[in-house]
Amino acid sequence: MYLRQGTFSYLPELTDDEIAAQVRYALLNNWPVSIEYTDDPHPRNTYWEMWGLPLFDLDEPDGVLAEINACRATFPRHYVRVTAYDATYTKQTTALSFLVQRPAEEPGFELTRSEAADRRQVYSVRSYATGRPQGQRYGG
């Protein structure tokens, strides 16, 4: 079971050449790129930790790939994603977002059902990984 999040979530893992092609596409559209990581990929956790600052002044994907590889090396058991922002709407709008790394072990999510007032069924989602402390959620 894989986490399905981002633009290419149902495709096989992207190679570095395919990542560079997507980053090049974003840069050609004048979309600034940022790199983010987390060990808690809950579907409602949209704000991940940012790796450095957004890369506003790049023209080629080589600099972005160097930052992606530095983030991968620092956090080998975390999820890493690339996000490109479109500023044409005068607000921060995500134009493209995709995973570039996932941990080797993805424990998945638990769906909990409980009854509320008037016998209404209420569902909640909890990541199995959150049973361990932050920083130790994936692997030893």
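None of these values were measured; they are calculated from a predicted model.

Looking now at the packing of helix H1 (residues 16–28) against helix H2 (residues 62–74). Where H1 meets H2, the axes come as close as 10 Å, and the angle between the chain directions of the two elements is 130°. If you check the angle between H1 and H2, you find them oblique. For the pair H1 and H2, the sense of crossing is right-handed. Here H1 contributes Asp16, Ile19, Ala20 and Val23 to the contact with H2, which in turn contributes Val64, Leu65, Ile68, Asn69 and Arg72. Grouping the constituent residues of the contact of H1 with H2 by class yields 6 nonpolar, 1 polar and 2 charged.

There is a patch of nonpolar side chains on the surface, built from Leu111, Tyr123 and Val125 and spanning about 310 Å² of accessible area. By the element assignment, Val125 lies in strand E6 (residues 121–127). On the accessibility criterion, Val125 (38% relative accessible area) is partly exposed.

Another aspect to go through is the sheet that holds strand E3 (residues 79–86). Spatially, 4 strands are ordered E2-E1-E3-E4 in an open sheet, and the strand pairing comes out antiparallel. Of all strands in the sheet, those with a lone pairing partner are strand E2 (49–55) and strand E4 (93–101), marking the two edges. In this sheet, neighbouring strand axes are inclined to one another by 20° on average, regardless of whether the strands run parallel or antiparallel. Of the strand pairs in this sheet, strand E1 (residues 33–38) and E2 are connected by 4 bridges, and their pairing is antiparallel.

Before going further, it helps to examine the pattern of salt bridges. Summed over all chains, the structure comprises 4 salt bridges. The partner of Asp16 in a salt bridge is Arg72, and the shortest N-O contact between them spans 3.0 Å. Highlighted residues: Asp16 in helix H1 and Arg72 in helix H2, separated in sequence by 56 residues. Take Asp16: its relative accessible area is 35%, and that puts it in the partly exposed class. Residue Arg72 is classed as buried on the basis of its relative accessible area of 17%. In this structure, the salt-bridge partner of Glu36 is Arg81, at a minimum N-O distance of 2.7 Å. Linking Glu36 in strand E1 with Arg81 in strand E3, this pair joins segments that are 45 residues apart in sequence. Like Glu36, the residue Arg81 is buried in the burial classification.

In terms of nonpolar packing, the biggest core is built from 22 residues, with Ile35 and Ile68 touching the most fellow members. Elements that contribute at least two residues to this core include exactly H1, E1, E2, H2, E3 and E4. Looking at this core, the element that brings in the most residues is H1, giving 5 residues. Ignoring anything within four residues of it in the chain, the contact list for Ile35 reads Glu49, Met50, Trp51, Leu55, Val64, Glu67, Ile68, Cys71, Val80 and Arg81.

Attention now moves to H2. Helix length check: H2 (13 residues) gives 18 Å between terminal C-alpha atoms against 18 Å at 1.5 Å per residue, within 8%. When we look at burial in H2, the residues that qualify are Val64, Leu65, Ile68, Cys71 and Arg72. Burial along H2 is one-sided: seen end-on, the buried residues are contained in an arc of 120°. Those residues of H2 that are exposed and aimed more than 90 degrees away from the buried face are Asp62 and Ala73. Residues of H2 that are buried in the fold lie against H1, E1, E2, E3 and E4.

Parameters and conventions
Residues numbered from 1 in each chain as written. Predicted model: local features only at pLDDT ≥ 70, side-chain atom pairs only at ≥ 80, totals over all residues. Heavy atoms only, no water. Axes fitted to C-alpha atoms, helices over the stretch in contact; angles between N-to-C directions. Helix = DSSP H or I, 4+ residues; strand = E, 2+ residues; numbered from the N terminus. Parallel < 35°, antiparallel > 145°, perpendicular 65-115°, else oblique. Left-handed = near helix turned anticlockwise from the far one by under 90°. Contact = heavy atoms within 4.5 Å. Nonpolar A, V, L, I, M, F, W, Y, C, P; charged D, E, K, R; others polar. Patch = residues over 30% accessible without salt bridge, like charges linked within 9 Å, V, L, I, M, F, W, Y side chains within 5 Å. Areas by Shrake-Rupley, 256 points an atom, 1.4 Å probe, with all protein chains shown as cover. Salt bridge = Lys/Arg side-chain N within 4 Å of Asp/Glu carboxyl O. Buried < 20%, exposed > 50% of the residue type's maximum accessible area, 1.4 Å probe, protein only. Pairing = 2+ DSSP bridges. Core = buried A, V, L, I, M, F, W, Y, C linked by side-chain atoms within 4.5 Å. Expected span 1.5 Å × (residues − 1). Arc of directions from axis to C-beta.

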